[in-house]
Amino acid sequence: MASDPKVLVFEEVAKHNKTKDCWLVINGKVYDVTPFMDDHPGGDEVLLSATGKDATNDFEDVGHSDSAREMMDKYYIGEVDMATVPLKRTYIPPAKNQYNPDKTPEFVIKILQFLVPLLILGLAFAVRHYTKEK
């Protein structure tokens, strides 16, 4: 770790909340875990859910190994000004896509999953009926 750590404001750290740009605050230290996103055993969703807040409790609750804690050193980028960290994280609901049941690909797939087996069944009955010896 650097001898003179960089002090970051929480608002700046919170901006880094994407898969290709992910910073976490753990025990007052800021880590750029972007290179580790694909390798994290819990998946990148776990890391992304810990962005925009003090992730210390999330990190400690899992019970990471000593090697995991040592690995954190290479992702360390500085300290966070704890006075700027909000006590409670405001909930921001995920953006919802417009749902149009007539035009979504999922709707077409559901219809095909119903119609294709019926078509195969009908075809099987037709072949059986016309090839049956009289």
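Here the structure is a predicted model, which means the values were calculated and not measured. (Residues numbered from 1 in each chain as written. Predicted model: local features only at pLDDT ≥ 70, side-chain atom pairs only at ≥ 80, totals over all residues. Heavy atoms only, no water.)

Mapped onto the present numbering, the UniProt feature "transmembrane region" (unreviewed entry) falls on residues 107-127. For residues 107-127, the end-to-end C-alpha separation is 30 Å, with 100% helix and 0% strand making up the annotated structure. (UniProt positions renumbered as here; feature names shortened; annotations may be inferred. Helix = DSSP H or I, 4+ residues; strand = E, 2+ residues; numbered from the N terminus.)

With that settled, the discussion passes to a nonpolar patch on the surface. Taken together, Phe 107, Val 108, Ile 111, Leu 112, Phe 114, Leu 115, Val 116, Leu 118, Ile 120, Leu 121 and Phe 125 make up a surface patch of nonpolar side chains, about 1,000 Å² in accessible area. In this structure, Phe 114 sits in helix α5 (residues 105-131). (Patch = residues over 30% accessible without salt bridge, like charges linked within 9 Å, V, L, I, M, F, W, Y side chains within 5 Å. Areas by Shrake-Rupley, 256 points an atom, 1.4 Å probe, with all protein chains shown as cover. Salt bridge = Lys/Arg side-chain N within 4 Å of Asp/Glu carboxyl O.)

On to the nonpolar core, then. Core analysis: the largest hydrophobic core is formed by 14 residues, its most contacted members being Cys 22, Leu 24, Ile 26, Tyr 31, Val 33 and Leu 47. Looking at this core, the element that brings in the most residues is strand β3 (residues 21-26), giving three residues. Those residues in contact with Ile 26, other than ones at most four positions away along the chain, are Tyr 31, Asp 54, Ala 55, Thr 56, Phe 59 and Met 72. Counting eight residues, the second largest nonpolar core, distinct from the first, contains Val 13, Val 30, Val 80 and Val 85. (Core = buried A, V, L, I, M, F, W, Y, C linked by side-chain atoms within 4.5 Å. Buried < 20%, exposed > 50% of the residue type's maximum accessible area, 1.4 Å probe, protein only. Contact = heavy atoms within 4.5 Å.)

Turning to the pairing of strand β4 (residues 29-32), a few remarks are in order. Regular strands place their side chains on alternate faces of the sheet. Where β3 and β4 come together, four bridges link them in antiparallel fashion. What sits directly across from Ile 26, in β4, is Lys 29. The turn linking β3 back onto β4 is made up of two residues, and Asn 27 within it adopts a positive phi angle of 55 degrees. (Pairing = 2+ DSSP bridges.)

It is worth spelling out the side chain of Thr 51 at this point. Examined against the element boundaries, Thr 51 turns out to sit in the loop between α2 (44-49) and α3 (56-62). There is a polar contact of 2.7 Å between the side chain of Thr 51 and the backbone oxygen of Leu 48. (Polar contact = N/O pair within 3.5 Å; in protein donor to acceptor, adjacent residues only side chain to side chain.)

Bringing the side chain of His 16 into the picture now. Its location among the elements puts His 16 in the loop between α1 (10-14) and β2 (17-18). Side chain to side chain, His 16 and Glu 12 meet in a polar contact 3.1 Å long. With near-sequence residues (within four places) excluded, His 16 lies in contact with Asp 21, Cys 22, Trp 23 and Thr 51.

We now examine the pattern of salt bridges. Per the counting criterion, the structure on display carries three salt bridges. In this structure, Lys 15 and Glu 12 form a salt bridge, with 3.8 Å as the shortest nitrogen-oxygen distance. A relative accessible area of 58% means that Lys 15 is categorised as exposed. Here Glu 60 makes a salt bridge to Arg 69, at a shortest N to O gap of 3.0 Å. Of the residues examined, Glu 60 reaches a relative accessible area of 34% and is grouped as partly exposed.

Right, let's get into the packing of aromatic side chains. Across all of its chains, the model carries two aromatic pairs by this definition. Between Tyr 31 and Tyr 76 the ring centres are 6.0 Å apart and the planes differ by 70 degrees, which places this aromatic pair in the edge-to-face class. Of this pair, Tyr 31 sits in strand β4 while Tyr 76 sits in strand β5 (residues 76-80), placing them 45 residues apart in sequence. What makes Tyr 31 buried here is its relative accessible area of 7%. Note on Tyr 76: relative accessible area 12%, which makes it buried. (Phe/Tyr/Trp six-rings, centres within 6.5 Å; stacked < 30°, edge-to-face > 60°.)

Strand order in the open sheet formed by five strands is β1-β5-β4-β3-β2, with mixed pairing between adjacent strands. Since the sheet does not close on itself, it has two edges, and those belong to β1 (7-8) and β2, each with one partner.

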